[in-house]
Structure formats: C-alpha cells, structure tokens
Amino acid sequence: GPEYVRAIAPYQAGKPIAEVAREFGLDEANIVKLASNENPFGVPESSRHAMAMAVSELGRYPDANGFELKAALAERYEVPAEWITLGNGSNDILEIAAHAFVQAGQSVVYSQYSFAVYALATQGVGARAIVVPAREYGHDLEAMAKAITTDTRLVFIANPNNPTGTFIAPAEIEAFLDLVPSSVVVVLDEAYNEFLSPELQFESAQWVRKYPNLLVSRTFSKAYGLAGLRVGFAIAQPALTDLMNRIRQPFNVNSMAQAAAIAALNDKAFLDKGAANNAAGYCQFVEAFEEMGLEYVPSFGNFVLVRVGDDDGAGARVNLALLKQGVIVRPVGNYDLPRWLRISIGLARENAVCIGALKKALS
Ligand code: PMP
C-alpha cells in the first residue's frame, strides 16, 4: 500500500461494553460507559417508531439522494435542499470533504488537540497536515489563518472541540472566514452544537450564504441519540455539495437511518431533555473535580476533559483502575494528552458511579 496509508495511526474508539465485561470478569449490566460522547437516553421514541415503519422498505435500496431527510433539513436550516450532502455519520462528511477538495501533496490545516478523524481524512488522501499549536486547549484561529499556505485546500475547525470541549465565539469564526482565501474550504464541524446553551447557539448554517468556501458539518450521533445508525450532513453552497455528491457512495445513508433522523429532527422534547440532563451532569462532574482538586478544561460539549495526574502514565493508569471498576471512559494519549481522561456526561446515576470510581482510583 501507499506509504501515506501505512503512516496512519489507527483510530482508537471507546472500548465496547461486552469486551470490558469479558476482560475484567464483570457483569455487562453493571458497566457504565462514558467513553464515546453518546446520548445517555439512547434512541428517541419517535425514531424507534419511524424505524419500525421503515422495516418493510428494507428490501429496496435507500433513497440515494435522501430526498425526504434533505427536505426536512432544508426547512430546518432555511437553505435549499441542494445545499445539503448526507453522510454515513459526520465522519463520512469529513472524509468526503477531503476526497472532494484535496489531492495528494496539498495541505490541510487543523489544530493540535482537535478531532482525530481530521488527521485520518488528511492522510487518507495523501495530503500534508499542518497542525497548529492549540491555545488554552482550543483553536488559535489567528495562528491557523497564518499557517495557510498556497497549497492549502482545507481547514478543519471543531466547535465545540473534541476532546477538549473548548468553544470559539461566532465573531471570532467570522473574522477567520474573512481572512481565509476563497480557494480554501473551511469545514466547521459542529457535532456538539445542540449542547450549547441557547444564547451561544448561532445560525452558522446561514453563514454559508455569505461564505462560498464554508461547509458546516452536523451529526445525528450526539444530541439526537442516533450514533449507531450513522447519519451526518453538510451544509454548503451547491458548488461544494455537488462535488461531494459525485464522490460519496450513492447509498451511504441507509433507509432506517434516514427515517429515524427525520423523526429525531422534529423531536424537540428529546433534545430539550438531553440538553437539561447534560447541563446538570456537567455541574455534577465539575463539582466533584473541584472537590478532588482536579484540573479540568471548561467544556461546551457533552463530555469533559480532566487531568488525573502529573506524569505521562497517569491517563492509562487511572483508565485501567476505572475499567476494573466497570467504568469505561476515554484515554486521550493518542491526542498527546497522556495525563488526561475524557469523560462523557451520562445520566446522574452513571455520573455518580464514575465519580465514585475516580475517587477510589485516585486514593
Ligand atoms: N466531529 C467531532 C468533533 C466528533 O467528536 C465526532 C464524534 N466523535 C464526529 C465529528 C463524528 O461523529 P459521527 O461520525 O458519529 O457523526
């Protein structure tokens, strides 16, 4: 295989519950998984119903163009349906963007400590990554603008960012977009947007009208509770979505997923419940960290990054101590944050189990 493929470090996903149960001799029912920023309420009831209805259609191929889902999204975000591209999760969107806009030897800019798939998407097309040092664990947009070279074709920005949970104010992003040459596509990855408090949510989807090189990426995996179905989408002007549609797999979003996503999109009660639980759970963790004297990065997502020691073995060591107690969180050594753990916010009961296990692990 190509050298650039062999150079890719494999993505580290959260350990599955069944595997941890077997490895540590635990009962699956007692395991708490707060590792993949999933929705603790699981699948919305409205989506379950829509999927039950969709079962009888599984003998047919899905709608290759996602007509109904795109129509629902177009209405929600007030853009024409042609401005939307669907993805098999937003990871697919990120990869499609790299394939559509970058060729081998060109460069892609992203921040240190930003989402791992940016590196995979970049390396997967044989492009060169320009990784810009973080500022207070978040994006340094000024430095990122300066890092753009004549061969840069793509910039990835995560807002809020994973794994650090940092947030960039809208005005800062607009100032950045004003600086970026139009030949560079900016992917604004807003996987966690729905967790922002209402005063921080802003209509970034509307910016695509003003910026022809902007692509906003969203997902149904987090706030909408459909991670296992794999549905994400991009909003951008048709010059961009047209290219993306040419190289994506024609049936990349299956019919169950399309039906479930439409239902979830209209399930405001589910989103509200999730947002309230997340805000309360975040306070629960932060209070515990303060009590334990642990440093954490203030988070705007459904997870929080906490420093569990002063040596580079700390993250792996505390992670193992948590696993033995049936608590799965995410070590972030692969992000060059070996002293930290990323903990997803769950139900109050799950958070309490995690906090208890963390106290025990650190005592
Ligand atoms: N972007 C960010 C910043 C993420 O944290 C994630 C999930 N880990 C994704 C995109 C991809 O999520 P999905 O493919 O499930 O939509």
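An unreviewed UniProt entry annotates the protein as Histidinol-phosphate aminotransferase of Massilia glaciei. Here the protein is described in UniProt, under the heading Sequence similarities (unreviewed entry), as follows: "Belongs to the class-II pyridoxal-phosphate-dependent aminotransferase family. Histidinol-phosphate aminotransferase subfamily." What the UniProt record of the protein gives under Pathway (unreviewed entry) is the line "Amino-acid biosynthesis; L-histidine biosynthesis; L-histidine from 5-phospho-alpha-D-ribose 1-diphosphate: step 7/9."

Chemist: Residue-level account of the overall build of the protein, with values.
Modeler: Each helix and strand in the protein was counted, giving 14 helices and 13 strands. Taken along its principal axes, the extent of the C-alpha atoms in the protein is 55 × 50 × 45 Å. Summarising the internal contacts of the protein: among those between residues at least 6 apart in sequence, 73% fall at separations of at least 24.

Chemist: Mind laying out the pairing of strand β5 (residues 152–158), listing which residues take part and the relevant values?
Modeler: A large share of β5 lies buried, amounting to 7 of its 7 residues. The sheet contact formed by strand β3 (residues 107–111) and β5 spans 3 bridges and is parallel. Counted as the bridge partner of S107 is T152 from β5. In this sheet, strand β6 (residues 185–189) lies alongside β5 in parallel orientation, the contact comprising 5 bridges. Its bridge partner being in β6, F156 is matched across the sheet by V187. Running through helix α8 (residues 170–179), the crossover from β5 to the neighbouring parallel element β6 is right-handed.

Chemist: I'd like a rundown of the packing of helix α13 (residues 314–324) against helix α14 (residues 348–362), residues and numbers included.
Modeler: Between two packed helices, the angle of one axis relative to the other and the distance separating the axes together describe the packing. Across the interface, α13 lies against α14 with an axial gap of 9 Å and an inter-helix angle of 125°. Our classification of the angle between α13 and α14 gives oblique. You can see that α13 and α14 cross each other, and the crossing is right-handed. Residues V318, A321 and L322 of α13 form the contact with α14, whose participating residues are A357, L358, A361 and L362. Counted by class, the contact of α13 with α14 contains 7 nonpolar, no polar and no charged residues.

Conventions we followed
Residues numbered from 1 in each chain as written. Predicted model: local features only at pLDDT ≥ 70, side-chain atom pairs only at ≥ 80, totals over all residues. UniProt positions renumbered as here; feature names shortened; annotations may be inferred. Helix = DSSP H or I, 4+ residues; strand = E, 2+ residues; numbered from the N terminus. Contact = placed C-beta atoms within 7 Å. Buried ≥ 20, exposed ≤ 12 C-beta atoms within 10 Å, placed from the backbone. Pairing = 2+ DSSP bridges. Right-handed = clockwise from strand over helix to strand, strands pointing away. Axes fitted to C-alpha atoms, helices over the stretch in contact; angles between N-to-C directions. Parallel < 35°, antiparallel > 145°, perpendicular 65-115°, else oblique. Left-handed = near helix turned anticlockwise from the far one by under 90°. Nonpolar A, V, L, I, M, F, W, Y, C, P; charged D, E, K, R; others polar.

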